[in-house]
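Fold and contact review
Each chain is listed here by its residues.
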Amino acid sequence: IEMLKAARLIYGLNCCQGDAAWLPFDDHSFDLVCMITVLEFAKNPIDILKETLRMTRKGLIIGAVNRHSLLGIRRRCKGGPIWGSARLYSVGELSRLLYQVIDRPARVHYKTTLWPLFKGSIKLPWGGFIGLCIIFT
C-alpha cells in the first residue's frame, strides 16, 4: 500500500492494487504488458501468464532471474524470506510455460545479461537475467 501511495504522490501515477491472476482491466487494454520478477514468486504462473496475455494487444515482456546462472545460484543459496520461496526458471522452462498459454500467432525472443562482466545483452541460455518478449503477429 505504501508503494502505491508513493507512486501517486511523488509521480502522479494512476495505480491500483490487484492479484496478478485477476486484474481489473478489459481484454486487450494495453499494447504491451511487462512483468519483472513476478513469475518467480507466483503460486500458479500459468494463471498469471493467461491473465497478462488476455490484457495485451501486441506483446508481453518477462524479466526473470535465470536459474542456470551464477546470479540464480547465488539467489537460491542465499534463501531467506524472499529468495527462499522463489521458483527460478531457465529460458527453456519459461518458453515451455508460454507455449502452454499463447493463444494466437506469436514470435518469442529472449536475451540474457552477463552483467557485471559484460554490459550488453546476448543470446546465451545461462546469462544472469532473462529478458523474454512475445510479439503477436
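Basis of the calculations
- Residues numbered from 1 in each chain as written.
- Predicted model: local features only at pLDDT ≥ 70, side-chain atom pairs only at ≥ 80, totals over all residues.
- Heavy atoms only, no water.
- Buried < 20%, exposed > 50% of the residue type's maximum accessible area, 1.4 Å probe, protein only.
- Helix = DSSP H or I, 4+ residues; strand = E, 2+ residues; numbered from the N terminus.
- Pairing = 2+ DSSP bridges.
- Axes fitted to C-alpha atoms, helices over the stretch in contact; angles between N-to-C directions.
- Parallel < 35°, antiparallel > 145°, perpendicular 65-115°, else oblique.
- Left-handed = near helix turned anticlockwise from the far one by under 90°.
- Contact = heavy atoms within 4.5 Å.
- Nonpolar A, V, L, I, M, F, W, Y, C, P; charged D, E, K, R; others polar.
- Right-handed = clockwise from strand over helix to strand, strands pointing away.

1. Some remarks on the pairing of strand β5 (residues 129-136)
- Of the two faces of β5, the one lined by Ile130, Leu132, Ile134 and Phe136 is fully buried and the one lined by Phe129, Gly131, Cys133 and Ile135 carries no buried residue.
- Sheet topology places strand β3 (residues 106-114) next to β5; 7 bridges connect them, and they run antiparallel. Bridging from a neighbouring strand, Ala106 pairs with Phe136 of β5.

2. Some thoughts on the packing of helix α2 (residues 45-55) against helix α5 (residues 91-101)
- Contact pair α2 / α5: the axes reach a minimum separation of 10 Å and the direction vectors enclose 60 degrees. Our classification of the angle between α2 and α5 gives oblique. Our pair here, α2 against α5, has a crossing hand that is right-handed. Contacts between α2 and α5 involve Pro45, Ile46, Leu49, Lys50 and Leu53 on the former and, on the latter, Leu97, Leu98, Gln100 and Val101.
- Split by residue class, the contact of α2 with α5 holds 7 nonpolar, 1 polar and 1 charged.

3. Focus on the pairing of strand β1 (residues 30-36)
- Bridge count between β1 and strand β2 (residues 56-65): 6 bridges; the pairing is parallel. Paired with Ile36 across the strands is Gly63, a residue of β2.
- Remark: the β1/α2/β2 crossover connection has right-handed handedness.

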